[in-house]
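What follows is each chain in one-letter form.
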Amino acid sequence: MAKIATDRTTIDLFAHDKRPGRPRTNPLPREEQVKLNKRNQIKRDRTKGLKRIECKVSEQLYQQLCQSAEAQQMTRSAYIELVLEQALRQAQLK
């Protein structure tokens, strides 16, 4: 009978596996944990009404955003949202 790495329901197959280091608290491999966590994060964001947008910026702009967000004691994401809202408000006034 072959073992499948993601199958942890049959403990007897894995009873004699020696693993170095700290014992696992999660039976899934790290890759699976990351996928699951990302999926859960997206679900949480959707329930909060958040949408994901992605854009590429220069290193210089990135550093400026980080510094400005830190000066405002905000997360970079929250700071970018604030800047976008201000820019949209100004565009609507014109």
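Keep in mind that this is a model prediction, so the values were computed, not measured. (Residues numbered from 1 in each chain as written. Predicted model: local features only at pLDDT ≥ 70, side-chain atom pairs only at ≥ 80, totals over all residues. Heavy atoms only, no water.)

Engineer: Give a detailed account of the layout of surface pockets, specifying residues and quantitative values.
Structural biologist: Vacant regions in the atomic arrangement are exposed by a probe of water-molecule size rolled over the atoms. Computed from the structure, the largest pocket encloses a volume of approximately 960 Å³. Lining the largest pocket are 22 residues; nearest its centre among them are Lys-51, Arg-52, Ile-53, Glu-54 and Ser-77. At the level of elements, α2 (30-47), α3 (59-71) and α4 (76-93) are the ones that each hand at least two residues to the lining of the largest pocket. Among the elements that line the lining of the largest pocket, the one with the most residues is α4, at seven residues. Its residues placed into classes, the lining of the largest pocket shows eleven nonpolar, two polar and nine charged. (1 Å grid on protein atoms, 1.4 Å probe; cavity = no way out; pocket = protein on both sides within 12 Å on 5 of 7 lines; lining within 4 Å. Points joined across faces, edges and corners; volume = space filled by probe spheres on them. Helix = DSSP H or I, 4+ residues; strand = E, 2+ residues; numbered from the N terminus. Nonpolar A, V, L, I, M, F, W, Y, C, P; charged D, E, K, R; others polar.)

Engineer: Kindly report on the environment of Thr-47, identifying the contributing residues and their values.
Structural biologist: Residue position: Thr-47 is located in helix α2. One polar contact links the side chain of Thr-47 to the main-chain carbonyl oxygen of Arg-44, over a distance of 2.7 Å. (Polar contact = N/O pair within 3.5 Å; in protein donor to acceptor, adjacent residues only side chain to side chain.)

Engineer: Go over a positive patch on the surface with me, naming the residues and quoting the values.
Structural biologist: The grouping of Lys-35, Arg-39, Lys-43, Arg-46 and Lys-51 at the surface amounts to a positive patch. By relative accessible area, Lys-43 is classed as partly exposed at 48%. (Patch = residues over 30% accessible without salt bridge, like charges linked within 9 Å, V, L, I, M, F, W, Y side chains within 5 Å. Areas by Shrake-Rupley, 256 points an atom, 1.4 Å probe, with all protein chains shown as cover. Salt bridge = Lys/Arg side-chain N within 4 Å of Asp/Glu carboxyl O. Lys, Arg positive; Asp, Glu negative; His and termini not counted. Charge placed at Lys NZ, Arg CZ, Asp CG, Glu CD. Buried < 20%, exposed > 50% of the residue type's maximum accessible area, 1.4 Å probe, protein only.)

Engineer: Break down the side chain of Gln-33 for me, with residues and values.
Structural biologist: Along the chain, Gln-33 falls in helix α2. Reaching out from Gln-33, the side chain makes a polar contact with the backbone oxygen of Leu-28 at a distance of 2.8 Å. Gln-33 has contacts with Asn-26 and Leu-28, leaving out every residue within four places of it along the chain. (Contact = heavy atoms within 4.5 Å.)

Engineer: I'd like to hear about unusual backbone geometry, residue by residue, with values.
Structural biologist: Despite not being glycine, Gln-73 shows a phi value in the positive range, around 55°. A residue is classified by how much of its surface remains accessible, and Gln-73, at 75% relative accessible area, is exposed.

Engineer: So what about the environment of Thr-75? Which residues, and what values?
Structural biologist: Along the chain, the position of Thr-75 falls in the loop between α3 and α4. Owing to a relative accessible area of 51%, Thr-75 belongs among the exposed residues under this scheme. Each C-alpha atom of the pair Thr-75 and Leu-65 lies 9.9 Å from the other, and the pair is ten residues apart in sequence.

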